[in-house]
Amino acid sequence: PGDSGLLTLKGLQQIQQADVVIYDRLVSPEIMALVRRDATRLFVGKQAGHHCVPQEAINSLLLEQAQQGKRVVRLKGGDPFIFGRGGEELEALAGAGIAFSVVPGITAASGCSAYSGIPLTHRDHAQSVRLVTGHTRQEGALDWSCLAAAGQTLVFYMGLSQAATIQQQLQQHGMPADTPVALVENGTTVQQRVISGTLAQLAALATQAVSPTLIIVGDVVSLRPQLNWFHSRDDATPASH
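Residues numbered from 1 in each chain as written. Predicted model: local features only at pLDDT ≥ 70, side-chain atom pairs only at ≥ 80, totals over all residues. Heavy atoms only, no water.

1. Structural notes on the overall build of the chain
Scanning the chain from N- to C-terminus turns up nine helices and ten strands. In terms of overall size, the chain behaves like a compact globule, its C-alpha atoms giving a radius of gyration of 19 Å where 241 residues would be expected to give roughly 18 Å. Principal axes of the C-alpha set define a box for the chain whose edges measure 55 × 40 × 30 Å. Relative to its full complement of 241 residues, the chain shows a buried share of 44%. In the chain, the share of contacts with a sequence separation of at least 24, taken over all contacts with a separation of at least 6, comes to 65%. (Helix = DSSP H or I, 4+ residues; strand = E, 2+ residues; numbered from the N terminus. Rg over C-alpha atoms; globule rule 2.2 N^0.38 Å. Buried < 20%, exposed > 50% of the residue type's maximum accessible area, 1.4 Å probe, protein only. Contact = heavy atoms within 4.5 Å.)

2. As for the sheet that holds strand β9 (residues 193-198)
The five strands are arranged β6-β7-β10-β8-β9 in an open sheet whose pairing can be described as mixed. The two strands at the open ends of the sheet, each matched to only one other strand, are β6 (128-133) and β9. For this sheet, the mean inter-axis angle between neighbouring strands, taken without regard to orientation, is 20°. As defined by bridge partners, strand β8 (residues 180-185) adjoins β9 across six bridges and the pair is classed as antiparallel. Residue pairing across strands places A182 opposite S196, the latter belonging to β9. (Pairing = 2+ DSSP bridges. Axes fitted to C-alpha atoms, helices over the stretch in contact; angles between N-to-C directions.)

3. Thoughts on the sheet that holds strand β1 (residues 20-23)
An order of β2-β1-β5 is seen for the three strands of this open sheet, with the pairing classed as parallel. Unpaired on one side and paired on the other, β2 (40-43) and β5 (72-75) mark the two borders of the sheet. Adjacent strand axes in the sheet meet at a mean angle of 20°, parallel and antiparallel pairs treated alike. With four bridges connecting them, β1 and β2 associate as parallel partners. When the bridges of β2 are listed, V20 appears paired with T40. Together, β1, β2 and β5 form the strand contacts of helix α3 (residues 55-67), whose direction differs from that of β5 by roughly 155°.

4. Comments concerning helix α1 (residues 9-17)
Of the residues making up α1, those classed as buried are G11, Q14 and I15. Considered in projection along α1, the buried side chains sweep an arc of 95° and stay on one side of the axis. Buried residues belonging to α1 abut β1, α2 (29-32) and β5. (Arc of directions from axis to C-beta.)

5. A closer look at a nonpolar patch on the surface
On the surface, a nonpolar cluster with roughly 290 Å² of combined accessible area is contributed by F83, V129, L131 and M158. If you trace the backbone, V129 turns up in strand β6. With a relative accessible area of 32%, V129 lands in the partly exposed category. (Patch = residues over 30% accessible without salt bridge, like charges linked within 9 Å, V, L, I, M, F, W, Y side chains within 5 Å. Areas by Shrake-Rupley, 256 points an atom, 1.4 Å probe, with all protein chains shown as cover. Salt bridge = Lys/Arg side-chain N within 4 Å of Asp/Glu carboxyl O.)

6. Here's the deal with the packing of α3 against helix α4 (residues 86-95)
Contact geometry for α3 and α4: axes closest at 10 Å, N-to-C directions at 45°. Judged on the interaxial angle alone, α4 and α3 are oblique. Seen from above, α3 lies across α4 with right-handed handedness. For the pair α3 and α4, contact is made by Q55, I58, N59, L62 and L63 and by E88, E89, A92 and L93, respectively. (Parallel < 35°, antiparallel > 145°, perpendicular 65-115°, else oblique. Left-handed = near helix turned anticlockwise from the far one by under 90°.)

7. Topic: the pattern of salt bridges
Here the structure, examined in full by the defined rule, presents seven salt bridges. Of the charged contacts, one joins R36 and D19 as a salt bridge, the two residues approaching to 3.2 Å between their closest N and O atoms. Taken together, the residues span a long stretch of sequence, with R36 in the loop between α2 and β2 and D19 in the loop between α1 and β1 at a distance of 17 residues. Note that E88 is salt-bridged to R85, the shortest N-O span being 3.8 Å. The class of R85 is partly exposed, set by a relative accessible area of 30%. Salt bridges sharing partners connect three or more residues here, namely D24, R74, K76 and E89.

8. Observations regarding the pairing of β1
Consecutive side chains of a regular strand alternate in pointing toward one face of the sheet and then the other. Taking every second residue as pointing to the same face, both faces of β1 are buried, with V20 and I22 on one and V21 and Y23 on the other. With four bridges connecting them, β1 and β5 associate as parallel partners. From the neighbouring strand, I22 faces β5, where its bridge partner is R74.

Below is the structure:
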């Protein structure tokens, strides 16, 4: 998820053997520099509110390149099976009878929390962790009463534009307003910035961050001042209540 050093050995082997690399916006230049020099690079990045290439077109591109007999790598930031479209893309390949393999990556929740000094679980603070998408196909699809329960850590992917809703729903369903939160912007990179505060401040904090940003909610965030080891940019000042 950003830091080229977090690329797995198997991931490195695959991109160095590829004839074609189809990659996303969150794949760093440092990782792209490791791609075989004569490989074709095809950018299909997405960003909030703007899809450069529709998903159906990406699926077609994968099929088109593979059907030409080329060795194709679909390179994603993080893990393709955690709030990526990996499953959907593989359905298209499977339907066309194209053989494939999957190389799991370090997902953003793990990478961003580790580089922020925030353990996702801790015996004294959180006995479980929930990975939640900020975008759902149906309104109200999330079980907010379960998400607001104590003893767990919540990690919202792509939740920046929904921060006000996340704050409102969690508080309405019983999560204390002083629950610690952290917004991790450009996680694991030298541009990483962490904005810390409380649940009551979440909507205001979100206005200070830009995509890609991960939202971590839970008591484990309180450990950050003691456990933070990765210093890149200064932390932002929390917004006032």
